[in-house]
Amino acid sequence: MSLVLMVEREVIPGAQEEIKELLRELRSSATRQPGFVSGQTVVDAFSPTIFMTISTWSSIAYWQTWEADLLRTEIIEQIDTVLQRRPRARIWQTDEDAPVGAL
């Protein structure tokens, strides 16, 4: 089962270049992790302070290992200093992998 992680971050106006660099560093580090499939960062076309990172992992276990990684934690702490609010994260899976019925 693969998963797609989407994280929306709103940065302080004027911090766009800093967040771009930090997100590149985060993605570069993630590419060296087992289970990482792909990743990209996009910017809201009408609100240039809103960034979305999208990464695909081969399993939730690989993502959770990376989520707890010390290097990732250090980069996230730097990212958090330029955010206006807490990031909004959601984990998605393909419809073939989705559970059937209500939770």
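Structure's up top.
This one's a predicted model, so the numbers in the text were calculated from it and none came from an experiment.

Caption draft 1: Expanded view of the environment of serine 55. Topologically, serine 55 is positioned in strand 3 (residues 50-57). Owing to a relative accessible area of 12%, serine 55 belongs among the buried residues under this scheme. Those residues in contact with serine 55 that lie beyond four places of it in its chain are Leu3, Val4, Leu5, Phe36, Ser38 and Gly39. A polar side-chain atom of serine 55 sits 3.0 Å from a polar atom in the side chain of tryptophan 57.

Caption draft 2: Inspection of the nonpolar core at higher detail. Counting 20 residues, the largest nonpolar core has Ile19, Leu23, Leu26, Trp57, Trp63, Trp66 and Ile79 as the members making the most contacts within it. Of all the secondary-structure elements, those providing two or more residues to this core are strand 1 (3-10), helix 1 (16-30), strand 3, helix 2 (60-67) and helix 3 (70-80). Of the residues forming this core, the biggest block, 5 residues, is contributed by helix 1. Not counting residues within four places of it along the chain, the set of residues in contact with leucine 23 comprises Arg9, Thr41, Phe51, Thr53 and Ile79.

Caption draft 3: Quick look at the pattern of salt bridges. Using the criterion set out here, one finds 2 salt bridges in the structure. The partner of glutamate 10 in a salt bridge is arginine 85, with the nearest N and O atoms 2.1 Å apart. One end of the pair, glutamate 10, is in strand 1; the other, arginine 85, is in the loop between helix 3 and strand 4 (88-93), and 75 residues separate them in sequence. You can call arginine 85 partly exposed: its relative accessible area is 48%. The partner of lysine 20 in a salt bridge is glutamate 17, and the shortest N-O contact between them spans 3.2 Å. Residue lysine 20 and its partner glutamate 17 are located together in helix 1, separated by 3 residues, close to a single helical turn. Owing to a relative accessible area of 31%, lysine 20 belongs among the partly exposed residues under this scheme.

Parameters at a glance
- Residues numbered from 1 in each chain as written.
- Predicted model: local features only at pLDDT ≥ 70, side-chain atom pairs only at ≥ 80, totals over all residues.
- Heavy atoms only, no water.
- Helix = DSSP H or I, 4+ residues; strand = E, 2+ residues; numbered from the N terminus.
- Buried < 20%, exposed > 50% of the residue type's maximum accessible area, 1.4 Å probe, protein only.
- Contact = heavy atoms within 4.5 Å.
- Polar contact = N/O pair within 3.5 Å; in protein donor to acceptor, adjacent residues only side chain to side chain.
- Core = buried A, V, L, I, M, F, W, Y, C linked by side-chain atoms within 4.5 Å.
- Salt bridge = Lys/Arg side-chain N within 4 Å of Asp/Glu carboxyl O.

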